[in-house]
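Residues per chain are reported as follows:
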Amino acid sequence: MSRSGRQVEFGEDWTGATTVDPSGGAYTGDYYLDIQYVNDLDAGAVVLSEGTWTFNPVRWFRMPCVDPVPNPRFMAEWYSLGDPFYVKPGEMHDTALTLENHGSTALTYTMSIVYDGGSHYGWIDVSGFSGSIPSGEAGHETGTIHLNNVMITDQGNYYGHLHIEGNDPVNLPCDIEIELIIADTIVTPAWDAITLVPPTDQGGGKSLTTSNHGNMGHLGKGTGNMAFYPDDCDTTAKVYLYDGSPVVGRIIGDDTVFNSSIWGTSFFGRYGFRPYHSPLRRAQYCSLIRSRVYYSGWFLTEDTTIGVEKIYVAPEDADVILTYTKISPVDGLSHSGLVLGEAIDWDIPSDFHPDDVNRTCPSTNTGAFDPARNLLYCWGYEDGNSSHYPYNCQLNDNRFGGVAFVESYLNGSPNSTAPYGGFIGENDELQASTGLHHGKLYQEMAEAGFRSVNVIDDINTVLTYEFDFTLGETDVYEVVSMLATVMDGTAADLQAQIDAGYAWYTSYGGMQMFTHMFDGSDQDVCYHCCREMGKFYDDGMPFSILDIDNFTEWLLRNPGVPDPYYCIEEVDVDDGTGTGTPSGTVDLLDLDYMIGYLLRMQYPDLGECPTGWPKK
């Protein structure tokens, strides 16, 4: 853009020029501004793997130097307040907001407070906003937003907005969104990896990235993606399963809402799962079922009404990874109209499709389903160009990956041996900038049975466990699915893996293996909790002040939800008599005894593990 306009000289002919006239043709003068720009057809720095090489046309247009239109121009310092901001229960917080007028005349405005549902009102207040901002250098003012000024103690998410109207015809009215998170502690997502041991018969120790908020795959990061790296002949083939998550859908008012942890859904936002536990336990080997096991702990829907747990099992004796999902209310209420399922974005290594002239999609897959096995699967695209083989070391349409529904239980009894439905869809249809297109997902999951789009594209699988499902106030819903991938084989090889996985699952007791996997009972198939009295969780270290600290935190904030993450029986150290006798109840008397034993040397010991608890 030139620094200033110029006057058209006598005799100049501009009849062929492109002119953009903000006055709509009313301008009659002869001063114009020249503007030149580059039309970048694929934005990004190629040297940083952003975008692709393109020939970008250089364009130009002229704009009349029209007189300025006298209008105010409203601008706010920020337009939303939310994650990761939070306050503790009963605490107030003040935050500043600057409003600006970038126009040529004075701005007048009004501000009102709107609460977007919820059981509490009055938690937003404002001060310092005059309703008028002059133009020029003084065209700004800063006010204060007072949050939780009524000192709410109920933990949860509260939504509202400031509605601003005024004499700016372009930028007003507008809303400034406010999400207040009231929580004692915010637990952030953390990832681990579970590995098939020993390495598979195809040469790779397949692994899967797991997390404490339900995500698996971690957006294709690292090598924990059901791939065969580093034993694959193609060392760039590091991703088979790109990202995945359970989905819990509901209709709330007029909105369709799905909570998930797929495709970058914020764990602080309205649609993300919230991790409830820090990762106190890493993936571990479970000798009784000859498997690697990872337990996520609880993660909750954004409104903290429904809790979900995940357990991943990678057996030695089967080339699959089993995923167990447990869903139950944590608010003590019944919930109807639920949509329960699991969404996975597969990126099976593939060639670029000929239609992909800019080579933007390296994961071009095709999908199919096998109703007899409740299996959705996909495979890589092979362009058939002989010059690419064996230089890409193998045919990519020999690579497969899929997910199969195994069975579900309700309240400890068999519920279903088949899902409500399942489909293979295009990512473009379901993937928003972050997270999911909720309305589209709801429509797709409402359709029963199995189906697949007939495309060669970047695709996903969605298993619908239940549709329009009611979860009673004390109900516990459990479901098992199975993941498998093939590096160089056929669909029959994938199906054989699924069959072997079913056989392994049955031989180790089926759903019952998960019933006591981390519950601290004497039937615990993976972890007999009592290693040492006073140990609140097993970090492999002797009893210490850290155990007292963790026990204190749990005891004082007592979540009121099942908590199999911790070794409850190990902290039942005294009944108040000072003799180190368990009472069957975990309370402040146990905390006092632990403190007395460790810090004041007041008591001789913490007692022995309860009867039936083998000491490790």
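Criteria and cut-off values
Residues numbered from 1 in each chain as written. Predicted model: local features only at pLDDT ≥ 70, side-chain atom pairs only at ≥ 80, totals over all residues. Heavy atoms only, no water. Salt bridge = Lys/Arg side-chain N within 4 Å of Asp/Glu carboxyl O. Helix = DSSP H or I, 4+ residues; strand = E, 2+ residues; numbered from the N terminus. Buried < 20%, exposed > 50% of the residue type's maximum accessible area, 1.4 Å probe, protein only. Core = buried A, V, L, I, M, F, W, Y, C linked by side-chain atoms within 4.5 Å. Contact = heavy atoms within 4.5 Å. Polar contact = N/O pair within 3.5 Å; in protein donor to acceptor, adjacent residues only side chain to side chain.

**Q** I'd like a rundown of the pattern of salt bridges, residues and numbers included.
**A** In total, this model carries 15 salt bridges according to the counting rule given. Between Arg290 and Glu316 there is a salt bridge; the shortest N-O distance is 2.9 Å. Of this pair, Arg290 sits in the loop between strand S18 (284-286) and strand S19 (291-300) while Glu316 sits in the loop between strand S20 (306-315) and strand S21 (321-329), and the two are 26 residues apart along the sequence. On the accessibility criterion, Arg290 (35% relative accessible area) is partly exposed. Here Glu342 makes a salt bridge to Lys310, at a shortest N to O gap of 3.3 Å. Taken as a pair, Glu342 in strand S22 (residues 335-346) and Lys310 in strand S20 lie far apart in primary sequence, 32 residues in all. Each of Glu429, Lys440, Glu444, Glu447 and Arg451 takes part in a single network of salt bridges with overlapping partners.

**Q** Quick rundown of the nonpolar core? Include the residues and the values.
**A** The biggest cluster of nonpolar side chains holds 39 residues, and the ones touching the most others in it are Leu208, Leu241, Leu340, Trp346, Tyr477 and Leu483. No other element matches the 5 residues that strand S29 (residues 459-471) contributes to this core. Apart from residues lying up to four places away in sequence, Leu241 is in contact with Leu208, Met216, Gly217, Asn225, Met226, Ile344, Asp345, Trp346 and Leu483. Counting 34 residues, the second largest nonpolar core, distinct from the first, contains Ile289, Leu300, Leu494 and Met511.

**Q** Please set out the side chain of Asn101 residue by residue, giving values where relevant.
**A** Mapped onto the elements, Asn101 comes out in strand S6 (residues 93-101). The exposure class assigned to Asn101 is buried, which follows from its relative accessible area of 3%. A polar side-chain atom of Asn101 sits 2.9 Å from the main-chain carbonyl oxygen of Thr105. Residues within four places of Asn101 in sequence aside, it is in contact with Pro72, Arg73, Ala106, Leu107, Ile133, Pro134, Ser135 and Gly139.

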